[in-house]
2 protein chains.
Amino acid sequence: MLLGSNYPSSVLRDRTLETILHERRQRLAQLVDFPVILWSGRSKSRNFPANKYPFRPSSHFLYFAGLPLENAAIRLESGRLHLFYDDPDPSGALWHGEQPKRHQIASTIGADAAFPLSELPAQAAGAATIPVQNDDVRSLQAGVLGRSLSPLDNLQGIDRQLVRAIVQVRLTHDAGALVELRHAAAVTVEAHKAGMAATPTANLEAEVRGAMEGVILAHNMSCAYNSIVTVHGEVLHNEQYHHAINADDLILADVGAEAPSGWAADVTRTWPAKGTFSPSQRAIYEVVLAAHDRCIEAVKPGVEYRHIHLLAAQVMAEGLVELGILRGRPEDLVEADAHALFFPHGIGHLLGLDVHDMEDLGDYAGYEKGRARSRRFGLGFLRLHRPLKPSMLVTIEPGFYQVPGILNDAGNRQTYREMVNWQRLGDFADVRGIRIEDDVLVTPDGAEVLTAALPTQAGAIEDLVRD
Amino acid sequence: MLLGSNYPSSVLRDRTLETILHERRQRLAQLVDFPVILWSGRSKSRNFPANKYPFRPSSHFLYFAGLPLENAAIRLESGRLHLFYDDPDPSGALWHGEQPKRHQIASTIGADAAFPLSELPAQAAGAATIPVQNDDVRSLQAGVLGRSLSPLDNLQGIDRQLVRAIVQVRLTHDAGALVELRHAAAVTVEAHKAGMAATPTANLEAEVRGAMEGVILAHNMSCAYNSIVTVHGEVLHNEQYHHAINADDLILADVGAEAPSGWAADVTRTWPAKGTFSPSQRAIYEVVLAAHDRCIEAVKPGVEYRHIHLLAAQVMAEGLVELGILRGRPEDLVEADAHALFFPHGIGHLLGLDVHDMEDLGDYAGYEKGRARSRRFGLGFLRLHRPLKPSMLVTIEPGFYQVPGILNDAGNRQTYREMVNWQRLGDFADVRGIRIEDDVLVTPDGAEVLTAALPTQAGAIEDLVRD
Ligand SMILES: [Mn+2]
Ligand SMILES: [Mn+2]
């Protein structure tokens with residue numbers, strides 16, 4: 001099941017998985033001098049024990065083990081890989097078909113040795129680990145290691161050293177990862193095109209979502225996160241799909257595919273339900289698009305991601321001043337966080353095996369050592385605060401939203417009474433939320449947009465909806 | 001979110017949810033004289049804490065609470081309902097939009113009183129519960145009740161009495177449930193038609209799956225279980241979709257929708273990839289269809305479901321004798337379990353809020369009190385062993401499979417050496433697996449097939465593929 005044909009990337013067709021995993025282990029070995037044990041986890045039940053959610057292993061395991069094995073562990077030391085996995089019960093073949101055996105998996109991933117899980121405790125002395133989030137597996141980990149595990153945000157000793165090392169290894173992507181990330185991006189582009197094409201005949205948000213996720217499933221991929229497909233773009237984490245689509249609505253779709261190997265894409269487009277932006281919608285769209293384009297132009301090694309975020313804020317503020325929604329000098333408005341009234345999230349985040357890559361580690365991944373979250377309204381939501389490096393993959397996703405909880409807040413009304421032309425804002429009432437998000441790879445001399453095949457220009461978007 | 005428009009059944013449009021839930025509580029109150037507390041559970045994370053699987057509450061909670069509330073509990077006593085639920089954090093409205101408040105939910109479901117969760121322990125004395133499967137919620141339950149909880153298959157005291165009572169209540173479906181079950185069935189029919197229509201241009205199983213699940217999502221429903229869409233029908237629990245479809249393949253699709261209210265459908269069809277059954281495929285298809293039709297004809301109140309299962313076995317044996325695959329008198333072949341070489345599962349199961357309804361309770365639901373699983377090869381897999389009653393909903397799903405693990409088993413080869421014409425069986429090598437499954441409601445004088453809008457006749461199936 002997990003071998004060859006179920007892992008449809010060119011990586012495996014080229015038999016290079018073994019090589020890729022070998023190189024990942026070497027990179028880790030240069031950073032830690034203690035053994036490391038990583039667990040894949042177990043599937044979780046939905047409404048009764050036999051009805052499981054589709055299994056997704058821990059990303060740390062997946063990064064070094066390469067295959068989505070359930071209930072497995074790997075031990076890494078000095079670049080060597082030991083696999084711990086129990087051969088499937090032969091009687092299970094009746095129901096599940098022939099399953100690959102431990103020795104086959106070990107060969108595919110280039111393990112130096114393979115053992116049943118029962119032998120793991122004997123090889124666990126002095127090993128570091130990353131606690132998984134499931135209570136059952138976490139207590140298993142503690143039992144095998146013979147010690148308690150601290151919470152992820154307060155790890156101690158070698159576990160904390162391991163986190164720092166894994167962040168360093170996973171922060172930039174190797175060729176094997178990029179093949180998969182490009183594949184997930186390409187399928188995601190197709191999904192968004194299908195969503196736009198399905199819009200003219202759709203009465204419900206759910207119909208657009210069905211068209212988009214149908215494409216992802218048809219490519220034997222899954223969704224990297226719960227899709228947002230909504231006419232209420234102002235609800236930032238809107239995971240409902242029951243609203244009717246009206247002709248004057250904008251549809252905001254934040255939908256991304258995950259390859260069978262676990263690598264993710266994360267793309268947002270916003271399009272007019274009837275295929276034509278109203279003048280007010282188009283005006284705001286152009287402001288968001290300008291921020292998007294300027295930010296992508298600014299991506300290159302050495303640039304602080306926080307600078308990109310502030311650039312988005314600056315471009316947004318300029319545009320909103322030009323439209324008469326904000327009043328004042330754009331620099332001053334950004335300094336006062338006035339942009340954050342309409343753009344209350346960060347410009348993006350790391351992307352990899354997790355859609356918010358390594359977010360399980362809190363800010364260990366997103367924040368350079370020694371840095372912490374800002375308390376500023378306009379900066380506290382920033383998920384990434386590091387200088388960019390070649391082979392980092394980040395999202396660039398500026399947005400404009402009219403969130404009632406923000407715009408009707410009495411404190412905000414007071415603070416920003418002079419900076420916002422509230423009456424003029426009323427002319428843009430048909431703009432609930434707009435976001436434009438692409439997946440941007442840092443290259444040695446700039447950036448490559450992995451999702452560039454999906455247009456961002458307003459006119460091109462309109463064409464895709466109307467075709 | 002959870003109110004009104006997100007619950008798109010006519011039940012809620014008619015404002016009858018309150019009435020339905022009231023009646024369910026009354027039925028329970030007639031069976032138990034102690035208070036009952038049921039928990040909804042909590043969402044589970046996928047690869048990092050913020051990336052959750054779509055939340056699905058416990059079905060026992062959902063049955064009596066009506067809405068898919070996360071992290072809630074209800075207390076039932078003498079037909080009265082107390083809701084325990086914490087009002088959403090107001091700051092969450094920024095990200096999640098306006099959430100319904102406790103008092104709004106309480107009004108929608110007709111609760112007699114509503115409290116924050118912190119007040120639950122004070123009302124927990126002497127209450128029975130059903131342990132949920134998640135460790136974290138289970139320990140919460142034990143903590144609130146101030147006692148330990150036994151495993152589900154060995155419940156004691158009032159918990160066991162509660163299980164018996166809930167089984168009795170949930171075993172037959174009320175009008176509110178039937179509206180939802182019919183809706184899930186209708187969407188499932190559309191999904192199967194879309195799968196057939198997508199087949200001629202599909203190269204991969206995944207493409208057919210994408211077409212089917214896309215329809216389910218487009219109706220704002222979810223999948224009641226992980227779909228089976230495969231050219232390897234002989235792998236009974238095949239949850240992979242990566243195989244190429246060849247012209248001579250049969251596609252077996254076991255796909256069912258779940259309404260937002262939680263009520264499920266469960267349907268299987270098998271169709272030829274190129275739109276025409278080969279003579280050998282059609283011959284076996286007709287045998288399975290005969291079993292399917294004869295079983296549905298036999299469904300009526302008072303009939304033992306085990307009798308339906310044995311009828312399927314008999315009809316299958318007759319058909320396979322006629323085709324020259326089995327040798328002997330059909331009665332003797334069934335007595336010897338020879339049919340189970342090709343039909344190694346039960347004829348079906350209960351269907352309701354769970355696709356295997358109340359399977360979390362082990363055989364408490366499926367097996368009449370005092371009955372236990374048979375050790376016979378041909379009967380041990382039977383999931384339901386009760387006399388049928390009006391308003392029970394069951395699946396009827398005979399099948400024929402060539403499972404290598406069964407047919408190549410040395411013991412089976414020896415036991416059935418005279419009963420199977422192994423050479424003749426070779427003429428049917430292009431039949432890996434065929435199943436035909438419908439959802440059948442027991443009516444006062446017979447049966448109603450909720451999924452009857454999806455054809456079963458070979459010719460009609462071929463037409464749907466080729467159209
Ligand atoms: Mn994103
Ligand atoms: Mn079934």
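Cut-offs used in this document
Residues numbered from 1 in each chain as written. Chains lettered and ligands numbered in written order. Predicted model: local features only at pLDDT ≥ 70, side-chain atom pairs only at ≥ 80, totals over all residues. Heavy atoms only, no water. UniProt positions renumbered as here; feature names shortened; annotations may be inferred. Helix = DSSP H or I, 4+ residues; strand = E, 2+ residues; numbered from the N terminus. Buried < 20%, exposed > 50% of the residue type's maximum accessible area, 1.4 Å probe, protein only. Contact = heavy atoms within 4.5 Å. Areas by Shrake-Rupley, 256 points an atom, 1.4 Å probe, with all protein chains shown as cover. Buried area = accessible area lost by both parts, 1.4 Å probe. Salt bridge = Lys/Arg side-chain N within 4 Å of Asp/Glu carboxyl O. Polar contact = N/O pair within 3.5 Å; in protein donor to acceptor, adjacent residues only side chain to side chain. Pairing = 2+ DSSP bridges. Axes fitted to C-alpha atoms, helices over the stretch in contact; angles between N-to-C directions. Donors = N, O, S within 2.8 Å, 3.2 Å for Na, K, Ca; no water. Least-squares fit on C-alpha atoms with pLDDT ≥ 70 in both. Parallel < 35°, antiparallel > 145°, perpendicular 65-115°, else oblique. Nonpolar A, V, L, I, M, F, W, Y, C, P; charged D, E, K, R; others polar. Domains from an automatic or database assignment. Core = buried A, V, L, I, M, F, W, Y, C linked by side-chain atoms within 4.5 Å.

Looking at an unreviewed UniProt entry, one finds chain A named Xaa-Pro aminopeptidase, with Phormidium yuhuli AB48 as its source organism. Under Cofactor (unreviewed entry), UniProt gives the following word-for-word description of chain A: "Mn(2+)". Under the UniProt heading Catalytic activity (unreviewed entry), the note attached to chain A is "Release of any N-terminal amino acid, including proline, that is linked to proline, even from a dipeptide or tripeptide."

A.B. asks: I tried to follow the overall build of chain A on my own but got confused; where do I start?
C.D. replies: Helix and strand counts for chain A stand at 17 helices and 14 strands. Classification of the 467 residues of chain A by burial places 61% in the buried group. Here the analysis covers contacts within chain A between residues at least 6 apart in sequence; of these, 72% occur between residues at least 24 apart. Surface summary for chain A: the accessible area is close to 16900 Å², and the carbon and sulfur share equals 50%.

A.B. asks: So what exactly am I meant to see when it comes to the interface of chain A and chain B here?
C.D. replies: One frequent convention defines the size of an interface as the accessible area lost when the parts assemble. At the junction of the two partners, chain A supplies 59 residues and chain B supplies 59 residues. For the pair chain A and chain B, the summed buried area comes to about 5000 Å², and 56% of that belongs to carbon and sulfur atoms. Here A:Glu258 makes a salt bridge to B:Arg46, at a shortest N to O gap of 3.0 Å. Between the two partners, chain A and chain B, sit 16 residue pairs in polar contact (both at pLDDT 80 or more). Of all the elements in the fold, those that place two or more residues in the side of chain A that touches chain B are helix 4 (93-96), helix 6 (135-145), helix 9 (205-218) and strand 5 (222-223) of chain A. With 8 residues, helix 9 of chain A is the single largest residue contributor to the side of chain A that touches chain B.

A.B. asks: Which parts of the structure should I look at to understand the environment of B:Asp174?
C.D. replies: Residues and elements named next belong to chain B. Mapped onto the secondary structure, Asp-174 falls in the loop between helix 7 (157-170) and helix 8 (175-198). Judged by its relative accessible area of 16%, Asp-174 falls in the buried class. Sequence-distant contacts of Asp-174, defined by excluding residues within four places in its chain, comprise Ile-20, Arg-24, Arg-27 and Tyr-63. A distance of 2.8 Å separates a polar side-chain atom of Asp-174 from the backbone nitrogen of Ala-177.

A.B. asks: How do you make sense of the UniProt feature "domain: Aminopeptidase P N-terminal" (unreviewed entry) in chain A when you look at a structure like this?
C.D. replies: According to UniProt, the feature "domain: Aminopeptidase P N-terminal" (unreviewed entry) maps to residues 16-141 of chain A in the numbering used here. Segment residues 16-141 of chain A splits into 31% helix and 13% strand. End C-alpha atoms: 31 Å apart.

A.B. asks: Explain the sheet that holds strand 13 (residues 438-443) of chain B here, please?
C.D. replies: Neighbouring strands of a sheet are bound in pairs by backbone hydrogen bonds; such pairs are parallel or else antiparallel. Residue and element names in this part refer to chain B. If you walk across this open sheet you meet the 3 strands as 10-13-14, and the pairing is antiparallel. Looking at which strands have only one partner, the edges of the open sheet turn out to be strand 10 (393-396) and strand 14 (446-449). Strand-to-strand twist of the sheet, defined as the mean angle between neighbouring strand axes without regard to direction, takes the value 40 degrees. Of the strand pairs in this sheet, strand 13 and strand 14 are connected by 4 bridges, and their pairing is antiparallel.

A.B. asks: How should I be thinking about the pattern of salt bridges in this particular structure?
C.D. replies: Residue and element names in this part refer to chain A. Counted by the stated rule, this structure contains 50 salt bridges over all chains. With its nearest N and O atoms 2.9 Å apart, the salt bridge here joins Asp-438 to Arg-269. With Asp-438 in strand 13 (residues 438-443) and Arg-269 in strand 9 (residues 267-272), this residue pair connects regions lying 169 residues apart in the sequence. In this structure Arg-269 comes out as buried when scored by relative accessible area, which is 0%.

A.B. asks: Explanation requested: the coordination of the manganese ion (ligand 2) in the structure shown.
C.D. replies: In an ideal octahedron of six donors the angles at the metal are 90 or 180 degrees, and in an ideal tetrahedron of four donors they are 109.5 degrees. Residue and element names in this part refer to chain B. For the manganese ion (ligand 2), every protein donor is listed as Asp-266 (OD), His-349 (NE2), Glu-397 (OE) and Glu-437 (OE), and the spread of their distances is 2.0 to 2.4 Å. Mapping the donors of the manganese ion (ligand 2) onto the primary sequence gives the spacing D-x82-H-x47-E-x39-E. Of this pair, Asp-266 sits in the loop between strand 8 (257-258) and strand 9 (267-272) while Glu-397 sits in the loop between strand 10 and strand 11 (399-401), and the two are 131 residues apart along the sequence. Each of the two residues, Asp-266 as well as Glu-397, counts as buried.

A.B. asks: Please clarify how the relation of the copies chain A and chain B should be interpreted in this entry.
C.D. replies: Each of the two copies of the chain can be brought onto the other by a rotation about an axis and a shift along it. Least-squares fitting of chain A to chain B yields an RMSD of 0.0 Å, with the transformation described by 0.0 Å of translation along the axis and a rotation of 180 degrees. Seen this way, the second copy is the image of the first under a two-fold rotation axis. Among all residues of chain A, the minimum C-alpha distance to the rotation axis is found for A:Gly214, at 2.2 Å. Here 100% of the contact residues of chain A are again contact residues in chain B; the copies associate through an equivalent surface.

A.B. asks: Looking at this structure, I do not really get the coordination of the manganese ion (ligand 1). What am I missing?
C.D. replies: Residue and element names in this part refer to chain A. Looking at the manganese ion (ligand 1), one finds its protein donor set to be Asp-266 (OD), His-349 (NE2), Glu-397 (OE) and Glu-437 (OE), positioned 2.0 to 2.4 Å from the metal centre. When the donors of the manganese ion (ligand 1) are listed by position in the chain, the intervening gaps give D-x82-H-x47-E-x39-E. Here Glu-437 lies in the loop between strand 12 (433-435) and strand 13 and His-349 lies in the loop between helix 12 (330-335) and helix 13 (363-366), a separation of 88 residues in the sequence. Judged by its relative accessible area of 4%, His-349 is buried.

A.B. asks: What should I look at first to understand the packing of helix 8 of chain B against helix 17 (residues 458-466) of chain B in this one?
C.D. replies: In a pair of packed helices, the angle between the axes and the distance between the axes together describe the arrangement. Residues and elements named next belong to chain B. Two numbers describe how helix 8 lies on helix 17: the axes approach to 6 Å, and their chain directions differ by 65 degrees. If you check the angle between helix 8 and helix 17, you find them roughly perpendicular. Facing helix 8, whose interface residues are Lys-193, Met-196 and Ala-197, helix 17 presents Ile-461, Leu-464 and Val-465. Partitioning the contact of helix 8 with helix 17 into residue classes produces 5 nonpolar, no polar and 1 charged.

A.B. asks: Would you take a moment to explain the domain arrangement of chain A for this structure?
C.D. replies: Residues and elements named next belong to chain A. Here chain A is partitioned into domain 1 (10-170) and domain 2 (175-459). Each of domain 1 and domain 2 has a C-alpha centre, and these two points are 33 Å apart. The partner domain 2 presents 19 residues to the 19 residues of domain 1 that form the contact. Both faces combined, the contact of domain 1 with domain 2 buries some 1700 Å², and carbon together with sulfur accounts for 59% of it. Three residues stand out in domain 1 for area buried against domain 2, namely Arg-164, Val-167 and Arg-170, and they jointly supply 32% of the buried area on that side. Connecting domain 1 to domain 2 are 3 salt bridges. With a closest N to O distance of 2.8 Å, Glu-258 and Arg-56 form a salt bridge. Inspection of the domain 1/domain 2 interface yields 7 residue pairs in polar contact (both at pLDDT 80 or more). Where the side of domain 1 that touches domain 2 is concerned, the elements lending two or more residues are helix 1 (10-13), helix 2 (17-29), helix 3 (59-65) and helix 7 (157-170). The element that contributes the greatest number of residues to the side of domain 1 that touches domain 2 is helix 7, accounting for 6 residues. Among the residues making up the side of domain 1 that touches domain 2, the classes are represented as 11 nonpolar, 3 polar and 5 charged.

A.B. asks: How should I be thinking about the nonpolar core in this particular structure?
C.D. replies: It is characteristic of soluble globular proteins that their nonpolar side chains tend to be buried jointly. Within the largest apolar cluster, 146 residues are counted, with the highest numbers of intra-cluster contacts made by A:Leu28, A:Ile284 and A:Phe342. Apart from the residues within four sequence positions on either side, A:Ile284 is in contact with A:Leu320, A:Leu323, A:Ile325, A:Phe400, A:Phe428, A:Val431 and A:Ile434. Counting residues in each nonpolar core, the second largest holds 144 residues, with B:Leu162, B:Val169, B:Val431 and B:Val465 among its members.

A.B. asks: What's the story with the side chain of A:Gln281 in this structure? I'm lost.
C.D. replies: Residue and element names in this part refer to chain A. Its place among the elements puts Gln-281 in helix 10 (residues 279-298). At 3.0 Å, the side chain of Gln-281 forms a polar contact with the backbone oxygen of Asp-430. When sequence neighbours within four positions are dropped, the list of residues in contact with Gln-281 reads Asp-248, Asp-249, Leu-250, Thr-276, Asp-430, Val-431 and Ile-434.

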